[in-house]
Every structure is written in structure tokens, then in C-alpha cells.
Amino acid sequence: MQKKSLKITLLFVFTLGLSACGLLPEATDETKAWSDSKLYAEAHDELTTGNYDKSIQYFEKLEARYPFGLYAQQAQIEMAYAYYRQGEQAQASAAVERFIKLHPNHPRMDYMLYLRGLISFNDRVSALNFIYAQDPTERDQKATRMAFDGFKQLVERFPKSIYTPDATARMQYLLYAMTQYEVHVARFYYRHNAYLAAINRAQSLINDYRDSPAVEEALFIMMNSYDKLGLKDLRDDTERVFKKNFPDSKLIKNDNNKNNKNNKNNKNTNPWWKIW
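Residues numbered from 1 in each chain as written. Predicted model: local features only at pLDDT ≥ 70, side-chain atom pairs only at ≥ 80, totals over all residues. Heavy atoms only, no water.

1. Remarks on the packing of helix α11 (residues 215-228) against helix α12 (residues 232-245)
To keep it simple, the criterion reads: In this description, a line fitted to the C-alpha atoms serves as the axis of each element, helices being fitted only across the stretch in contact, and the angle between N-to-C directions of two axes falls anywhere from 0 to 180 degrees. Helix and strand assignments come from DSSP, with helices taken as H or I runs of at least 4 residues and strands as E runs of at least 2, each series counted from the N terminus. Angle categories are assigned with fixed cut-offs, so that under 35 degrees is roughly parallel, over 145 is roughly antiparallel, 65 to 115 is roughly perpendicular, and the rest are oblique. Crossing handedness follows the turn of the near helix against the far one: under a right angle anticlockwise gives a left-handed crossing, and clockwise gives a right-handed one. Between two residues, a contact is recorded if the distance between any of their heavy atoms is within 4.5 Å. In this classification, the charged set is Asp, Glu, Lys and Arg, the nonpolar set is Ala, Val, Leu, Ile, Met, Phe, Trp, Tyr, Cys and Pro, and all remaining amino acids, among them Gly, are polar.
Where α11 meets α12, the axes come as close as 8 Å, and the angle between the chain directions of the two elements is 160°. On the basis of their axis angle, the class for α11 and α12 is roughly antiparallel. Both α11 and α12 take part in a crossing whose hand is left-handed. Counted together, Glu216, Leu219, Phe220, Met222, Met223, Tyr226 and Asp227 of α11 and Leu234, Arg235, Thr238, Glu239, Val241 and Phe242 of α12 form the full contact between these two elements. A breakdown of the residues in the contact of α11 with α12 according to their chemical character gives 8 nonpolar, 1 polar and 4 charged.

Written out as C-alpha cells, the structure is:
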């Protein structure tokens, strides 16, 4: 009898709960009656004032309700930018790639290529940071290369774009970052007596970035690595190339001074890659 009463009580409570839910007012969507122009204007205003979450919500509603409308493509562009400003690199990148795939001939393609580069640039790249604070051999260079490739596509496809000058400047910065990374890795191998690996890394840098200032140190590492391996002919050949291209190089002099200093006082605890 008690069990039956308990079941009846539970059923009553459950039924009452369902009834109460039906009595609660449903959440209203303020945008339900908005036109596409109204929805875009509100989304754009939220974006301009820095309310990125709200702007993204409005842009998503606009694209869902009016996928072929006048503002749909512009909404996709601005939504990608909103994700970028919000610091959501993955979502921003996905939005850009989707737009590029869907609208390869869009008049604002130059901007989307520029934004693609910016997303990767701000995601990981900081040449000065990795030189000052972190062993560069531990960093992932994927974002650096992605940013460089994004800007490169912009420069090659739209040389007269208003975004091209800034993209070119950022490419120079990125090129410095990439070549410094390769030099540091070659140094890392050299310091750990992996001379063949150091040679291969230095040679790769020279082949891929032959106009980079980092070639000087790459040749220097190769020369010393050949010397350590006892490959005198290759060492001499590399030295001739080194002296021909960098007759006033201070690397040899600095290296000698550093060796002399280390022989006198071996208390320097700075990591090898921290040059300042």
C-alpha cells in the first residue's frame, strides 16, 4: 500500500513539473522579425563597438535566414574578422577557408587572404619573443609558415592591393623568424655534437633562403662541423665560400673571443641560443 502511494505521489509531482514547464514563458528572439538589412546593421554595429560575441550571433542568424541574400557574403567576411578579433584563431581560420572555397572570385578576396595571414601571424609568431625567452628548437613553425604563405598569396595575386605593403613587411619579419629558427636548430645540433645533422640543417637553410642574412652563420656552422668531422677538403671549400661572400664577417673573431673567455671563466649559465 505504501509503495502504491509513493508511486502515485511521484507521478503527481512529475505531472505537476511538466505542467509548470508549460506555464513558463518561452524565450523570445528579438531578431525574429528583423529584415536582412536590419540584422546586418545590428551585427555590424556590435562588431564596431567590440561586442564580438553578439555580432557573431547576429551574423550567424543572418547567414542562416538569408543565405542567398544581399548581405550574406559580407556577413561571412565580417564574422571571420569578429572571430579573429575575439582571439578565436581556429574559428576565424575555418571561416576564412570556407569563404575562400565558396567565393574564389569575390572582389574582397585580397582582404580574406590578408586576414588568413594575420590569423596565423598573431597565433604563434613572435621572432623577438622566441629569441629572448624560449629555446626556438621547441617552437612549432607551422603557424609561421602558414602566415608567410598566406601573405605571399596576397602579394602575388594582388600586387596593387591596399593590404600588400603591410603583408610585404610582415613577410620580411616572418622570413627573419624562419631563418633564425633554422640557424638555432643547426646550432643546437652542433652544440650536441650532431655535426652531420647541423650540416644538413645549415645546407637546407642556404638552399631555401639563399638571400637571407642568416646564410652567413649557416656557412659558419657548416665550416666548423666539417672541421669537427675531420673532413678537411669540405671544410676548406666551405671556408673559401664563406670568406668570399662575407669577407668582413665577425663570426670567426667573435667565436675566438668567446672560446678564450670560456677557457678563463666557464661560469656562464645562459642558454646557447640566448644571444643577448
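2. Structural notes on a nonpolar patch on the surface
The test is simple: Patches in this entry comprise residues that are over 30% relatively accessible and not in a salt bridge; like charges within 9 Å are linked, as are nonpolar side chains (Val, Leu, Ile, Met, Phe, Trp, Tyr) within 5 Å. Surface accessibility follows the Shrake-Rupley procedure with a 1.4 Å probe radius. Residue values consider only the protein chains on display as shielding. Here, a salt bridge means any side-chain nitrogen of Lys or Arg that lies within 4 Å of a carboxyl oxygen of Asp or Glu.
On the surface, Leu196, Leu229, Leu231 and Leu234 cluster together into a nonpolar patch covering about 340 Å² of accessible area. Inspection of the secondary structure puts Leu229 in the loop between α11 and α12.

3. Regarding the packing of aromatic side chains
The description of an aromatic ring pair uses the distance of the two centres, along with the angle that the planes make with each other. Filter applied, for reference: Here a pair means two rings of Phe, Tyr or Trp (six-membered ring of Trp) with centres within 6.5 Å. Their orientation is stacked below 30 degrees between planes, edge-to-face above 60, and tilted elsewhere. Working definition: with a 1.4 Å probe on protein chains only, accessible area under 20% of the residue-type maximum means buried, over 50% means exposed, and in between means partly exposed. Charge-over-ring placement is defined geometrically: NZ (Lys) or CZ (Arg) within 6 Å of the ring centre, and within 35 degrees of the ring normal.
The tally for this structure, following the rule as stated, stands at 13 aromatic pairs. Relative to Tyr58, the ring of Trp34 lies with its centre 5.5 Å away and its plane at 65°, an arrangement referred to as edge-to-face. Residue Trp34 is located in the loop between α1 (2-23) and α2 (36-48), and its partner Tyr58 is located in helix α3 (residues 52-65); the two are separated by 24 residues in the primary sequence. Across the pair, exposure class does not vary: Trp34 and Tyr58 are buried alike. When the ring of Phe121 is compared with that of Tyr173, the centres are 5.6 Å apart and the planes differ by 50°; the resulting orientation is tilted. One end of the pair, Phe121, is in helix α6 (residues 109-124); the other, Tyr173, is in helix α9 (residues 164-191), with 52 residues separating them in the sequence. Owing to a relative accessible area of 28%, Tyr173 belongs among the partly exposed residues under this scheme. Pairwise contacts between aromatic rings join Tyr111, Tyr114, Phe121, Phe151, Tyr163 and Tyr173 into one cluster. Residue placement shows Lys38 over the ring face of Trp34; its charged tip is 5.1 Å from the ring centre. Sitting above the plane of the Tyr111 ring, Arg108 keeps its charged end 4.7 Å from the centroid.

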